[in-house]
Amino acid sequence: MKIVFIGDIVGSVGRKALKNTMPRLKQLHPHAVFIANGENAAAGKGITAAIAKEIYEMGIQALTMGNHTWDQKEIFDFIDRDEKMVRPANFPPGTPGRGHTVIKVKDQELLIINLQGRTFLPPIDCPFRKVDEILEADKKKHKFVFVDFHAEATSEKIAMGWHLDGKVSAVVGTHTHVQTNDNRVLPQGTAYVTDVGMVGPRDGILGVERNAVLQKFKTQLPVRFVTDEGKWHFHAVVIELDDQTGLAKGIQLIRYDEDQVFMD
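Quick notes on the rules
Residues numbered from 1 in each chain as written. Predicted model: local features only at pLDDT ≥ 70, side-chain atom pairs only at ≥ 80, totals over all residues. Heavy atoms only, no water. Buried < 20%, exposed > 50% of the residue type's maximum accessible area, 1.4 Å probe, protein only. Helix = DSSP H or I, 4+ residues; strand = E, 2+ residues; numbered from the N terminus. Arc of directions from axis to C-beta. Contact = heavy atoms within 4.5 Å. Core = buried A, V, L, I, M, F, W, Y, C linked by side-chain atoms within 4.5 Å. Salt bridge = Lys/Arg side-chain N within 4 Å of Asp/Glu carboxyl O. Axes fitted to C-alpha atoms, helices over the stretch in contact; angles between N-to-C directions. Parallel < 35°, antiparallel > 145°, perpendicular 65-115°, else oblique. Left-handed = near helix turned anticlockwise from the far one by under 90°. Expected span 1.5 Å × (residues − 1).

- As annotated in an unreviewed UniProt entry, the protein chain is TIGR00282 family metallophosphoesterase from Paenibacillus planticolens.

1. Topic: helix α5 (residues 154–164)
- Among all positions in α5, only Glu156, Lys157, Met160, Gly161 and Leu164 are buried. The buried residues of α5 occupy an angular sector of 145° when the element is viewed end-on, so they sit on one face.
- Packing partners of the buried residues in α5 comprise β7 (108–116), α4 (127–138), β8 (144–150), β9 (170–174) and β11 (191–193).
- Phi turns positive one or two residues past the end of α5, at glycine 166, with a value near 85°.

2. Remarks on the nonpolar core
- Ile6, Ile47, Met85 and Phe234 are the most contacted members of the largest nonpolar core, which has 33 residues in total.
- Mapped onto this core, the elements with two or more residues apiece are β1 (2–6), α1 (11–28), β3 (33–37), α2 (49–57), α3 (75–78), β13 (232–241) and β14 (248–257).
- The greatest single-element share of this core, amounting to five residues, is contributed by α1.
- In this structure, Phe146, Val172, Val193 and Ile239 belong to the second largest nonpolar core, which totals 23 residues.

3. So, the pattern of salt bridges
- A full pass over the atoms with the stated rule returns 12 salt bridges.
- Note that glutamate 57 is salt-bridged to lysine 53, the shortest N-O span being 2.5 Å. Linking glutamate 57 with lysine 53, this pair stays in helix α2, spanning four residues, or about one helical turn. You'll find glutamate 57 and lysine 53 in the same group, each marked exposed.
- A salt bridge links arginine 202 to aspartate 203; the nearest nitrogen and oxygen atoms lie 3.0 Å apart.
- Judged by relative accessible area, which is 23%, arginine 202 ranks as partly exposed.
- With a relative accessible area of 36%, aspartate 203 lands in the partly exposed category.

4. A few points about unusual backbone geometry
- The phi dihedral of phenylalanine 120 falls on the positive side, at around 65°, and the residue is not glycine.
- Relative to the assigned elements, phenylalanine 120 resides in the loop between β7 and α4.
- If you check the backbone angles, histidine 177 has positive phi at about 70° while not being a glycine.

5. What about the packing of α4 against α5?
- Their axes nearest at 11 Å, the elements α4 and α5 cross at an angle of 30°. Taken together, the axes of α4 and α5 lie roughly parallel to each other. Crossing hand, α4 versus α5: right-handed. Seen from α4, the contacting residues are Pro127, Phe128, Val131, Asp132 and Leu135; seen from α5, they are Glu156, Ala159, Met160, His163 and Leu164.

6. With respect to the environment of histidine 175
- Positionally, histidine 175 belongs in the loop between β9 and β10 (184–185).
- Given the relative accessible area of 14%, histidine 175 is considered buried.
- Note: C-alpha distance between histidine 175 and glutamate 136 (39 residues apart in sequence) is 27 Å.
- Ignoring sequence-local partners within four residues, the contact set of histidine 175 consists of Asp8, Glu39, Asn67, Leu121, His150, Ala151, Glu152 and Asp195.

7. Considerations on α4
- Between its first and last C-alpha, α4 extends 16 Å over 12 residues, near the 16 Å set by a 1.5 Å rise per residue.
- Of the residues making up α4, those classed as buried are Pro127, Val131, Ile134, Leu135 and Asp138. On an axial view of α4, the arc spanned by its buried residues comes to 95°, and they lie on one face. Away from its buried face, by an angle of more than 90 degrees, α4 presents the exposed residues Arg129 and Ala137.
- Backbone geometry just downstream of α4 places lysine 139 in the positive-phi region, at approximately 50°.

This is the structure:
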């Protein structure tokens, strides 16, 4: 099995980048499972039913979310029905939506788990205990297990990688929008990267129009953040799994730029 996981899609520029890039990725990885983080897809905050449909139609087979899951009010109208979308599993019991799902890949199944960190983010339930509960309930029923850990602190993400090494196929970090260069297969066979990066405005600051961010840093006065426009960049990873064990054989970074598209 091969997984292509695409970093946080940010606004209309991110969706444009995805539309431009997916045909190439499908050509390079014709049998891969395509997953993306969609929590910033609607103008940088949340997602709508129409945008989720648009992303699925491009070939994305599942969407993970994060701390912006609830920023678009209409999410409550459809998240319970969307079996391909997962929000952080460690939200409290009774929260709408699902924290993990299973998608079929030909004659195999992939368990997808979404978690959210607690360091520098709103306090919710423990992601370490929650993922253990999910895996215990699964009882090794699924050989292939993919985890998107949406977290701020690099230390918390690295800790999750070590916590799950040998227990899942892959742990990838999202949320910080900056691709890290620490992709590796951990000693017990779990693919890991601290942050996949983002898909969206290249010349903003984490996808936000940069002048507003600069003003905030320089003056500490209230400013209105808006999603940047302009040229895009595209960050993702491709993970190859062993069909016998479900563990990782390799993880590679993908980086595209609107000015240098497909210079791989």
